[in-house]
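So you can see what is in the structure, the chains are spelled out below.
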There are 2 protein chains.
Amino acid sequence: MLGRRVARHAGLRRGQLLAPPPRPKLSTTTTPRATTTLTTQRQLYFLTSKPTRPTTPPPQFFSPSNIRSLSTTKPPRRLKLVIQRSLAWLGSSVLFVSLGVIGFFIYDATTYVDHISASGDLRIPHLALNPRRGGPKNLPILEEYLDDEDDEVRKQQKDKPRLVILGGGWGSVALLKDLNPDHYHVTVISPTNYFLFTPMLPSATVGTLGLRSLVEPIRRVIAGVRGRFVRAKAEDVDFSARLVEVSQVDCHGVDQRFYVPYDKLVIGVGSVTNPHGVKGLEHCHFLKDIDDARQIRNKVIQNLELACLPTTTDEDRKRLLSFVVSGGGPTGVEFAAELYDLLNEDLIQMFPRLLRNEISVHLIQSRGHILNTYDETLSKYAEDRFARDQVDVLTNSRVSEVKEDSIVFTQKAPDGTVITKELPMGFCLWSTGVSQADFCKTISKKLGAAQTNRHALETDTHLRLNGTPLGDVYAIGDCATVQNNVADHIVSFLRHLAWKHGTDPEKLSLHFSDWRNVAEQVKKKFPQAANHLKRLDKLFEQYDADQSGTLDFEELTELLKQIDSKLTSLPATAQRAHQQGQYLAHKFNKLARAASGLRANDIIEGDVDAAVYKAFEYKHLGSLAYIGNSAVFDFGEGRGFGGGLWAVYAWRSIYFAQSVSFRTRVLMAMDWGKRALFGRDLMSY
Amino acid sequence: MLGRRVARHAGLRRGQLLAPPPRPKLSTTTTPRATTTLTTQRQLYFLTSKPTRPTTPPPQFFSPSNIRSLSTTKPPRRLKLVIQRSLAWLGSSVLFVSLGVIGFFIYDATTYVDHISASGDLRIPHLALNPRRGGPKNLPILEEYLDDEDDEVRKQQKDKPRLVILGGGWGSVALLKDLNPDHYHVTVISPTNYFLFTPMLPSATVGTLGLRSLVEPIRRVIAGVRGRFVRAKAEDVDFSARLVEVSQVDCHGVDQRFYVPYDKLVIGVGSVTNPHGVKGLEHCHFLKDIDDARQIRNKVIQNLELACLPTTTDEDRKRLLSFVVSGGGPTGVEFAAELYDLLNEDLIQMFPRLLRNEISVHLIQSRGHILNTYDETLSKYAEDRFARDQVDVLTNSRVSEVKEDSIVFTQKAPDGTVITKELPMGFCLWSTGVSQADFCKTISKKLGAAQTNRHALETDTHLRLNGTPLGDVYAIGDCATVQNNVADHIVSFLRHLAWKHGTDPEKLSLHFSDWRNVAEQVKKKFPQAANHLKRLDKLFEQYDADQSGTLDFEELTELLKQIDSKLTSLPATAQRAHQQGQYLAHKFNKLARAASGLRANDIIEGDVDAAVYKAFEYKHLGSLAYIGNSAVFDFGEGRGFGGGLWAVYAWRSIYFAQSVSFRTRVLMAMDWGKRALFGRDLMSY
């Protein structure tokens, strides 16, 4: 249990790959080989140019030395030709660019809408304006929407199954992007009306990226499936009546509640920051939302400005310039790196040099290494880098209290002694993992015995929420965990074998071929277990304790329990949420296509999901982290690397490729260009 | 008095030109003439191509029809040539662009600073760390700064005159940009650490422009004169001790005060919103700051989202979608226009059509026309445009109270009857002119009789604050007004004449030549009066009441009083502030150069400013305003025009040219591009 919990928190929700990284290509300017060719050709040319003029001129290199050599033979005409060609090239290039600019202006001119489209025949469904009341709490039920009659596509959605998605994060957006728009009536419910590209959030705290570049309006994503958006907060679910209870503060400041009915519900509400029971977190900043990034930027700059004032004492100045990051996962590490970049690249040009000298960045990590989910060599690389950059890494340290102007933590020395230290600080970022949102706690409590995990909603490997009617409710992303309780399913694995042998499952003896069948079933139901079921013969031998040539019930249980213990829960990362969203999209598409056939064959009541689509299998593609003008990449199983500027470009390329839309890609690229040209914005607003 | 006040408020601080607008050039694609040439050339080519092959091929046009014609004569080779050339052109263009991209990456790679520059020999002045106390309130005095020893340039500034600038708006930035960095030790004091490009602020409220594109870090501007920045608020000035009292809340939340000593002080603290004594302004939004723009954007989107919820009643929905703008000056008009654009171009794609139908935009204006400082035809043009766009313009209307969900105003009908109306509203922008900041009120009170204007600090035409030691304190921008009290100076005008004639000024009779001398002096001292002193002979005749051929004291006083009454005070616009800042920069540069000579000639005590540089003369370059896919331009004296999209491009070009830095220009251009490609951002954060 503890092992699972640790894996969940250490993984965090960031710094993970969604696609294999492209091999970074950075060609150097001129290779020695190219130089040789150049010389050879030039020499050849000298040999031939004097006696006979070649009918077709050899390839020319427009370099000053070349022109000078040419000028000894037939100077005016050749020179003129070279100049003419150069001008033609330049001209055509300028023309090319100009045409682009003019084209853009012409396009731009078409984007201004001048007239309001007259919509006289606007029809609004009666129930959208006057919703019926009902459900256990007799609240208004959102059965019809204001835009249900707005166009033909929407009109046809009326009788489609209602797919309600709670949350607008990685999982939900991946689901929306891959869902076939023809099959469902989609509603997304979320208190924020944008999708946030979380892995780049640390970059936004110091102005490397603009806030706009990291967010995409959720309505724009939903438009792809012609769905609806409700800006509200999910509070509860009535699983029998298939109603989600949502709340929103109305224009009079009153909390309004209503129901949204569903046929299929996807819960992807994410997680909240884990306070770890530490006192004084009100003095900390968090980094979950775009507004957090804005507040951090303002606070950092405010501290720098205060440090310049004559009324600030030496002691206060040092304290104001002491930046503490609690948590050595990717978020904490990347924030420390970005902060260091800001102070080193931009601050020094604008503020007194004294400030740069008195600034200190501290990173408090409870484990022995920062980035502890990464390969140890990479953790070491990051630590060396930080040591060189004078970022103070405090490992084996646990924060016990945050005060208004200092942070108290206990540090464990290598000899096991524990010392309590107090560090004056002017800013503290708290990024020590995630915990369960209130909504999930409510749901979990309601489902009782079916939900045993204190940290996340448990689903089966088909991502169906345990304890709810099969095929009704799914949970994905940070708020959910996939149960890999292989051993618990032993009876069901053996049932069909027992039926074949005509005996009680518990009295069965399995031969190797039976064992192979069971293993196949386990692999199908729990894809993550496949890695541990590779050498079936060895396992059989190993667990056949009495050397009987067969496995009895106890031996098999022991075998599966051992496999169980080897399975860690999946990391709470963007990568996992994304894969789960995609998985559900593909399954829902298949379910919709299979619906009529299933209905004809009367298997609506059975395990339809399993009949139609495979179980969810997580494929870890790697993790990456920015560590200050360098980056580390971990592809798992000891493979990975860390490097300098080229790795930074690679790191950017990967996130660029994963970015949610063309819009955010263009904005990101522009932001990186801005940084190069103008530096970061040292302004608070 | 009333006339002046009206001119001040109506002018507002925006929508004015700082430079004459460039003539918009929008070339159309192909003119008929170009087509003719094309045909002629092609025909010519047919005539010559068959019998003799030209040694140099005529210009070719790569069009499908052209290829087809060519293929009848010598198809393969010509076609190949055309394709080859086209490919060469395309190739070179791609190469050109690629080289640019590669070049940018190489440049980018050089912008990452990897090592902290070791600054072991950092010297900090003793007084910077331990400021001396003094002045009337015994506060710390900021005599030396933390960075005074940071480099050679700063070290040399130690004995330069101390120029302290309060505020970082248009006036201050214009001054900083034109000031010679060698002559002064410059300090800027402002509570905000950025310069805001105010005229474009309405565009930022709806996401047409990003917030970052409108601001420039003030430290970057100050770096041009190697000056210092103190982020604090000016509270008071001790004019005899030459100390500015400033305040700042320190890191413990305590209000700290200290003095900043000056040799020359420039007051450019701007103005605050004018409440006009209306109740309930806490329910309104304002548009003075970048954070205001952010809040407005969030509120607009929040209202749209609330309007979609099923728990929102019909009545509430209509109210939420009723947007009211109070104030028909450029700010109000442009905000209404930008809001209309948002609703018309972007909203309709993302929200139910019902919303678009129920949205209403109201513009409440106390005068008979919107944009009432503009030429009447332009006001009319704007009103027609708004009428077409269904923006409800309510003229002759005065807001009496703003309630939480409605606005109460009185409207004067053409027959003079006054009706009180109440309009339900979900959002109200208050943009009805400016009023004096607290700091200016404090100063004004202190200076007593020398300051008689309730609305702004009075300066003479050399921009020196009335009532302060000559040449010590200047006031520019919105917080100041230039006194044009021509008649009050009549005695001083006549003194030298009287001295020449050996008589009392009041008993003098002026011949025409004397009058001409007086007029010259008036023009020099009050450049704004020059317009009214063009026909000196006519004025002489007109005011020589007793037809004596001379003007006596009473007659001259009457004449100058009449001119006085014709002079309106200058508009409180960015344009005026900018010109005043430039004026002071040029004067300060001249003063510094002349300093040694003046000292030698012992004229330090006299009117040095007048001896060195001319009086300030405001040149009105024109006003402009965006009115929703069209714009109006007013160049004064009845000249001006309004137009559609091409005028919008012209409007943008002007602001693009006036923008404070290359950085903001690039950012603005990018934002306009983004709008065209991706629309506005319908997100609140």
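As annotated in an unreviewed UniProt entry, chain A is Mitochondrial external NADH-ubiquinone oxidoreductase 2 from Podospora fimiseda. Its UniProt record, at the heading Subcellular location (unreviewed entry), says of chain A: "Mitochondrion inner membrane". Here chain A is described in UniProt, under the heading Sequence similarities (unreviewed entry), as follows: "Belongs to the NADH dehydrogenase family."

Time to look at the overall build of chain A. Regarding its fold elements, chain A presents 23 helices and 26 strands. Expressed as a percentage of the 685 residues in chain A, the buried residues total 42%. If you take every contact in chain A between residues at least 6 apart in sequence, the share linking residues at least 24 apart comes to 66%.

Each partner contributes residues to the interface: chain B has 71 residues there, and chain A has 71 residues. Per-element tally for the side of chain B that touches chain A: the top contributor is helix H4 (residues 75-110) of chain B, with seven residues. Split by residue class, the side of chain B that touches chain A holds 39 nonpolar, 16 polar and 16 charged.

It is worth spelling out the relation of the copies chain B and chain A at this point. With an RMSD of 0.1 Å, the fit of chain B onto chain A corresponds to turning through 180° and sliding 0.0 Å along the axis. This pairing of chains is accounted for by a two-fold axis. Across chain B, the rotation axis passes nearest the C-alpha of serine 93 of chain B, at a separation of 2.2 Å. A shared binding surface is used by both copies, with 100% of the interface residues of chain B retained as interface residues in chain A.

A word on helix H22 (residues 645-658) of chain B. Between the first and last C-alpha of H22 of chain B there are 20 Å, a value that for 14 residues agrees with the 20 Å anticipated at 1.5 Å per step. Residues Ala647, Tyr649, Ala650, Trp651 and Ile654 of chain B constitute the buried set of H22 of chain B.

The next thing to look at is helix H19 (residues 553-566) of chain A. For an α-helix the count is 3.6 residues per turn, leaving residues at separations of three or four pointing the same way. All names here are of chain A. A rise of 1.5 Å per residue sets the reference length of H19, with its 14 residues, at 20 Å; its end C-alpha atoms lie 20 Å apart and thus fit the reference within 8%. Burial in H19 covers these residues: Glu555, Leu556, Leu559, Leu560 and Ile563. Viewed end-on, H19 has its buried residues packed into an arc of 130°, placing them on one side of the element. Opposite the buried face of H19, by more than 90 degrees, sit the exposed residues Glu554 and Ser565. As for H19, its buried residues are in contact with helix H16 (490-501) and helix H18 (536-543).

With that settled, consider the nonpolar core. In this structure, Val244 and Ile267 of chain A together with Val244 and Ile267 of chain B are the most contacted members of the largest nonpolar core, which totals 283 residues. Among the domains, domain 1 (1-10 + 140-191 + 232-271 + 436-484 + 567-603) and domain 2 (281-432 + 621-648) of chain B are the pair contributing at least three residues each to this core. Not counting residues up to four positions away in its chain, the partners in contact with isoleucine 267 of chain B are Leu166, Leu457, Leu465, Val473, Tyr474, Ala475 and Cys479 of chain B.

Next up on the list: the environment of glycine 679 of chain B. All names here are of chain B. Residue position: glycine 679 is located in the segment after helix H23 (662-678). Judged by the 20 C-beta atoms lying within 10 Å of it, glycine 679 falls in the buried class. For the pair glycine 679 and leucine 342, spaced 337 residues apart in sequence, the C-alpha to C-alpha distance is 8.9 Å.

This part takes up the UniProt feature "domain: EF-hand" (unreviewed entry) in chain A. Under the present numbering, the feature "domain: EF-hand" (unreviewed entry) in UniProt falls on residues 531-566 of chain A. The straight-line gap between the two end C-alpha atoms of residues 531-566 of chain A is 10 Å; of that span, 61% is helix and 0% is strand.

Our focus in this paragraph is unusual backbone geometry. All names here are of chain B. If you check the backbone angles, glutamine 547 has positive phi at about 50° while not being a glycine. Tracing the chain through its elements places glutamine 547 in the loop between helix H18 (536-543) and strand S25 (551-552). The backbone of asparagine 629 sits at a positive phi, close to 55°, despite the residue not being glycine. Looking at where asparagine 629 falls in the secondary structure, it is placed in the loop between strand S26 (623-626) and strand S27 (631-636). By C-beta crowding, asparagine 629 is classed as partly exposed, having 19 other C-beta atoms within 10 Å.

This part covers the sheet that holds strand S10 (residues 255-261) of chain A. Residues and elements named next belong to chain A. With antiparallel pairing, the three strands of this open sheet are ordered in space as S8-S9-S10. Bordering the open sheet on either side are strand S8 (233-238) and S10, each of which pairs with just one other strand. Put simply, the sheet's adjacent strands are angled 25° from each other on average, direction ignored.

The next thing to look at is the sheet that holds strand S3 (residues 162-166) of chain B. All names here are of chain B. Strand order in this open sheet of five strands is S7-S4-S3-S11-S22, and the pairing throughout is parallel. Strands with a single pairing partner mark the edges of an open sheet, and in this sheet they are strand S7 (228-231) and strand S22 (473-475). If you compare each strand with its neighbour and ignore which way they point, the axes differ by 20° on average. Where S3 lies against strand S11 (residues 264-267), four bridges are found, and the strand directions are parallel. Bridging across to S11, valine 164 finds its partner in leucine 265.

A separate point is the environment of serine 326 of chain A. All names here are of chain A. Looking at the secondary structure, you find serine 326 in strand S13 (residues 322-326). The sequence separation of serine 326 and glycine 100 amounts to 226 residues, and the corresponding C-alpha distance is 49 Å. Those residues in contact with serine 326, other than ones at most four positions away along the chain, are Ile364, Val399, Cys428, Leu429, Trp430, Ser431 and Thr432.

A few words on the pairing of S26 of chain B. Residue and element names in this part refer to chain B. The side-chain alternation of S26 yields two buried faces, one formed by Ser623 and Ala625 and the other by Leu624 and Tyr626. Of the pairings in the sheet, the one linking S26 to S27 comprises four bridges and is antiparallel in character. Residue pairing across strands places alanine 625 opposite valine 632, the latter belonging to S27. Hairpin remark: S26 followed by S27, antiparallel, with four residues in the connecting loop; positive phi at glycine 628, about 90°.

What follows concerns the UniProt feature "transmembrane region" (unreviewed entry) in chain A. UniProt annotation of "transmembrane region" (unreviewed entry) refers to residues 87-107 of chain A when read in the numbering used here. Secondary structure across residues 87-107 of chain A comprises 100% helix and 0% strand; the distance between its end C-alpha atoms is 29 Å.

On to the confidence of the model for chain A, then. Residues and elements named next belong to chain A. When pLDDT is averaged along chain A, the result is 82; 86% of the residues meet or exceed 70. Under a pLDDT of 50 for its full length, residues 1-72 has, in the predicted model, 92 contacts with residues more than four places off or in other chains. Per the prediction output, this complex has pTM 0.81; the corresponding ipTM is 0.80.

All names here are of chain B. Counting buried positions along strand S14 (residues 360-364) yields four of five residues, so the element is predominantly enclosed. Here five bridges tie strand S13 (residues 322-326) to S14, and the two strands are oriented parallel to one another. What sits directly across from serine 326, in S14, is isoleucine 364. What joins S14 to strand S15 (residues 391-394) is helix H14 (residues 376-388), and the crossover it makes is right-handed.

Residues and elements named next belong to chain B. Position of leucine 508 among the secondary structure elements: in the loop between helix H16 (490-501) and strand S24 (509-510). For leucine 508, a count of 18 C-beta atoms within 10 Å gives the class partly exposed. Remark: the alpha-carbon pair of leucine 508 and alanine 498, spanning ten residues in sequence, is separated by 6.8 Å. In contact with leucine 508, not counting residues within four places along its chain, are Leu494, Leu497, Ala498, His501, Thr503 and Phe553.

About the criteria used
- Residues numbered from 1 in each chain as written.
- Chains lettered and ligands numbered in written order.
- Predicted model: local features only at pLDDT ≥ 70, side-chain atom pairs only at ≥ 80, totals over all residues.
- UniProt positions renumbered as here; feature names shortened; annotations may be inferred.
- Helix = DSSP H or I, 4+ residues; strand = E, 2+ residues; numbered from the N terminus.
- Buried ≥ 20, exposed ≤ 12 C-beta atoms within 10 Å, placed from the backbone.
- Contact = placed C-beta atoms within 7 Å.
- Nonpolar A, V, L, I, M, F, W, Y, C, P; charged D, E, K, R; others polar.
- Least-squares fit on C-alpha atoms with pLDDT ≥ 70 in both.
- Expected span 1.5 Å × (residues − 1).
- Arc of directions from axis to C-beta.
- Core = buried A, V, L, I, M, F, W, Y, C linked by C-beta atoms within 7 Å.
- Domains from an automatic or database assignment.
- Pairing = 2+ DSSP bridges.
- Axes fitted to C-alpha atoms, helices over the stretch in contact; angles between N-to-C directions.
- pLDDT = per-residue confidence, 0-100.
- Right-handed = clockwise from strand over helix to strand, strands pointing away.

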